[in-house]
Amino acid sequence: EEELSSLQADIQFAEAEKEENERRYSEIRQEMEELSRRLEDERKAFARVDSDREKAVKLLKESKENLLRVTKEAAETAEKCHSREAEISKQTERYEELARYLENDKEQLEQERASL
């Protein structure tokens with residue numbers, strides 16, 4: 001009977017330990033599920049950040065290309081303006097020369113008219 005009592009005590013202890021282990025396993029399993037959910041959320045957040053970074057890199061590349069294109073166009077326009085400015089300066093000099101020539105002719109005609 002003593003042996004039976006000892007065996008029953010051992011069985012009760014084993015059952016209590018089994019219940020405690022099952023409780024701890026359940027807690028650990030729930031914690032692991034929560035950590036897995038959080039890890040998945042973090043992975044999705046990282047994927048969004050990575051996608052946003054890729055979009056930003058693409059936008060920066062496009063902006064750089066646009067800046068280079070606009071800079072080139074501005075340089076070409078400036079060159080055309082300088083060329084046109086030089087052409088206008090030459091024309092202005094020619095017109096001023098013609099104006100002086102006409103003024104001299106006018107003065108000469110007036111002198112000739114006065115002498116007549």
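What counts and what doesn't
- Residues numbered from 1 in each chain as written.
- Predicted model: local features only at pLDDT ≥ 70, side-chain atom pairs only at ≥ 80, totals over all residues.
- Heavy atoms only, no water.
- Helix = DSSP H or I, 4+ residues; strand = E, 2+ residues; numbered from the N terminus.
- Rg over C-alpha atoms; globule rule 2.2 N^0.38 Å.
- Buried < 20%, exposed > 50% of the residue type's maximum accessible area, 1.4 Å probe, protein only.
- Patch = residues over 30% accessible without salt bridge, like charges linked within 9 Å, V, L, I, M, F, W, Y side chains within 5 Å.
- Areas by Shrake-Rupley, 256 points an atom, 1.4 Å probe, with all protein chains shown as cover.
- Salt bridge = Lys/Arg side-chain N within 4 Å of Asp/Glu carboxyl O.

*Asks:* For this particular structure, what's the right way to read the overall build of the protein?
*Replies:* The secondary structure content of the protein amounts to 1 helix and 0 strands. For 116 residues, the compact-globule estimate of 2.2 N^0.38 gives 13 Å, and the protein exceeds it by more than 25% at 49 Å. Projected onto its principal axes, the C-alpha positions of the protein cover 165 × 15 × 10 Å. For the protein, buried positions account for 0% of its 116 residues.

*Asks:* Would you mind going over a nonpolar patch on the surface with me for this structure?
*Replies:* Judged by side-chain polarity, Ile-28, Met-32 and Leu-35 come together as a nonpolar surface patch covering roughly 290 Å² of accessible area. Along the chain, Leu-35 falls in helix 1 (residues 2–115).

*Asks:* Where do I start with the pattern of salt bridges in this structure?
*Replies:* Applying the stated criterion across every chain yields a total of 12 salt bridges. The salt bridge involving Glu-33 is made with Arg-29; its shortest N-O contact spans 3.2 Å. With Glu-33 and Arg-29 both in helix 1 and 4 residues apart, this pair spans about one turn of that helix. Among the residues examined, Arg-29 registers a relative accessible area of 36% and is labelled partly exposed. The shortest N-O distance in the salt bridge between Arg-69 and Glu-73 comes to 3.3 Å. Placement of the pair is Arg-69 and Glu-73 together in helix 1, with a separation of 4 residues, close to one helical turn.

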